[in-house]
Amino acid sequence: MPDATRRKAAPDEPGRCSVLYPAIAEAAHRAGATAIGLIDVARPAATNLHVDRAGITYSDGMFLGEPDSVVQEHCSIVHGGSVPGRTMPPVVARIALARRRADLEGSPIAADSSLRLHGDVVELLPDAIAAVPEEALPVVMTTWALSRLSIARRALFVQRLGEAATSAKVAWVSVEGVGVAPSVPTLGDRPASGHSIVGIAVFEGSSQSVDAVARCWSRGRMLDWFH
């Protein structure tokens, strides 16, 4: 992992890898992918792009990621669930979408062969997906990012995902507040209920499968995995 990842974590950073790693691995499994391209949407410094390089210890004894990583996270499993022990496929592309160039200042992706796109993240989404090599599954990640968009723009975001999947599969892993991510089941939970829902969607042609796989609290430090 680049030395830049040794920086002090922002307040909302710890815990996100704990949620994203198993969700991305599960999305890849559902899509039958053997390689993936990560697309991080609207996160300062695009820190999600190195989720595969973190080491994550879960309270039920599961460990995912790299044991020797300088980034180590710990996550409490609640309500008796257990994250699947799937390994994430090789990451062959890392792409950051940011509204402003300044949002990517200090990003650890600077040392990688990564693509950085600046502007309207909804309109740039097709370009980002197209930049992933054909042999890899594009995995779009949103972590508490869609709340910055209007309800209409959120719906357009999902529409763009579907449009990009006309020739190949596209996956979307969302970690958003209850009701924020369009089409992701709310499980009967109320908006602003203090937790977030982890969603996995796989788009292929005109079809899509969308599932809520977990609830999380404290920005990923506590996780209730359903499946």
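Okay, so let's go over this structure. (Residues numbered from 1 in each chain as written. Predicted model: local features only at pLDDT ≥ 70, side-chain atom pairs only at ≥ 80, totals over all residues. Heavy atoms only, no water.)

### Structural notes on unusual backbone geometry
Phase 1 of the analysis: The phi torsion at Trp144 lies on the positive side, around 50 degrees, for a residue other than glycine.
Phase 2 of the analysis: For Trp144, a relative accessible area of 10% gives the class buried.
Phase 3 of the analysis: A positive phi is found at Leu187, a non-glycine position, where the angle reads about 60 degrees.
Phase 4 of the analysis: Turning to its location among the elements, Leu187 is positioned in the loop between β8 (170–177) and β9 (196–204).
Phase 5 of the analysis: Here Leu187 falls in the partly exposed class, since its relative accessible area comes to 38%. (Buried < 20%, exposed > 50% of the residue type's maximum accessible area, 1.4 Å probe, protein only. Helix = DSSP H or I, 4+ residues; strand = E, 2+ residues; numbered from the N terminus.)

### Quick notes on the packing of aromatic side chains
Phase 1 of the analysis: Scanning the model with the defined rule gives one aromatic pair in all.
Phase 2 of the analysis: Between Phe157 and Trp172, the aromatic rings sit 5.7 Å apart at their centres with planes inclined by 65 degrees, giving edge-to-face as the arrangement. Placement of the pair is Phe157 in helix α3 (residues 151–164) and Trp172 in strand β8, with a sequence separation of 15 residues. For the pair shown, Phe157 and Trp172 are each scored as buried.
Phase 3 of the analysis: Note that Arg219 overlies the ring of Trp144, its terminal NZ or CZ placed 4.5 Å from the centroid. (Phe/Tyr/Trp six-rings, centres within 6.5 Å; stacked < 30°, edge-to-face > 60°. Lys NZ or Arg CZ within 6 Å of the ring centre and 35° of its normal.)

### Description of the layout of surface pockets
Phase 1 of the analysis: Roughly 300 Å³ of volume is contained in the second largest pocket.
Phase 2 of the analysis: Lining the second largest pocket we find 18 residues, and of these Ile129, Val132, Pro138, Ala168 and Lys169 sit closest to its centre.
Phase 3 of the analysis: Looking at the lining of the second largest pocket, the elements with two or more residues in it are α2 (121–130) and β7 (137–143).
Phase 4 of the analysis: If you tally residues by element for the lining of the second largest pocket, the top one is α2, at three residues.
Phase 5 of the analysis: For the lining of the second largest pocket, the class distribution of residues is 13 nonpolar, two polar and three charged. (1 Å grid on protein atoms, 1.4 Å probe; cavity = no way out; pocket = protein on both sides within 12 Å on 5 of 7 lines; lining within 4 Å. Points joined across faces, edges and corners; volume = space filled by probe spheres on them. Nonpolar A, V, L, I, M, F, W, Y, C, P; charged D, E, K, R; others polar.)

### Describing the packing of α2 against α3
Phase 1 of the analysis: Taken N-terminus to C-terminus, the directions of α2 and α3 make an angle of 20 degrees; their axes are 9 Å apart at the nearest point. Relative to α3, α2 is oriented roughly parallel. α3 is crossed by α2, and the crossing has right-handed handedness. Here α2 contributes Val122, Glu123, Leu125, Pro126 and Ile129 to the contact with α3, which in turn contributes Arg153, Leu156, Phe157, Arg160, Leu161 and Ala164. (Axes fitted to C-alpha atoms, helices over the stretch in contact; angles between N-to-C directions. Parallel < 35°, antiparallel > 145°, perpendicular 65-115°, else oblique. Left-handed = near helix turned anticlockwise from the far one by under 90°. Contact = heavy atoms within 4.5 Å.)

### Topic: helix α1 (residues 16–31)
An α-helix turns once every 3.6 residues. As a result, residues three or four positions apart point the same way.
Phase 1 of the analysis: A rise of 1.5 Å per residue sets the reference length of α1, with its 16 residues, at 22 Å; its end C-alpha atoms lie 22 Å apart and thus fit the reference within 8%.
Phase 2 of the analysis: Extensive coverage of α1 is indicated by the burial of 14 of its 16 residues.
Phase 3 of the analysis: Looking one or two residues past α1, Gly32 carries a phi angle of roughly 70 degrees, positive in sign. (Expected span 1.5 Å × (residues − 1).)

### As for empty space enclosed by the protein
Phase 1 of the analysis: Inspection of every chain in the model, using the stated rule, returns one cavity of 30 Å³ or more.
Phase 2 of the analysis: Along its surface, the largest cavity is lined by Glu176, Gly177, Val178, Gly179, Val180, Ala181, Val184, Pro185, Thr186 and Ile197.
Phase 3 of the analysis: Across the lining of the largest cavity, the residue classes tally to six nonpolar, three polar and one charged.

### Some thoughts on the nonpolar core
Phase 1 of the analysis: Residues Ile24, Ile36, Leu38, Val139 and Leu223 are the most contacted members of the largest nonpolar core, which totals 40 residues.
Phase 2 of the analysis: Considering every element that reaches this core, the biggest residue donor is α1, with nine residues.
Phase 3 of the analysis: Once you skip the residues sitting within four places of it in the chain, Val139 turns out to touch Ile24, Ile36, Gly37, Leu38, Ile39, Ala171 and Val173.
Phase 4 of the analysis: Counting residues in hydrophobic clusters, the runner-up holds 34 residues, among them Ile129, Val132, Trp172 and Ala181. (Core = buried A, V, L, I, M, F, W, Y, C linked by side-chain atoms within 4.5 Å.)

The values are spatial; any link to function lies outside them.
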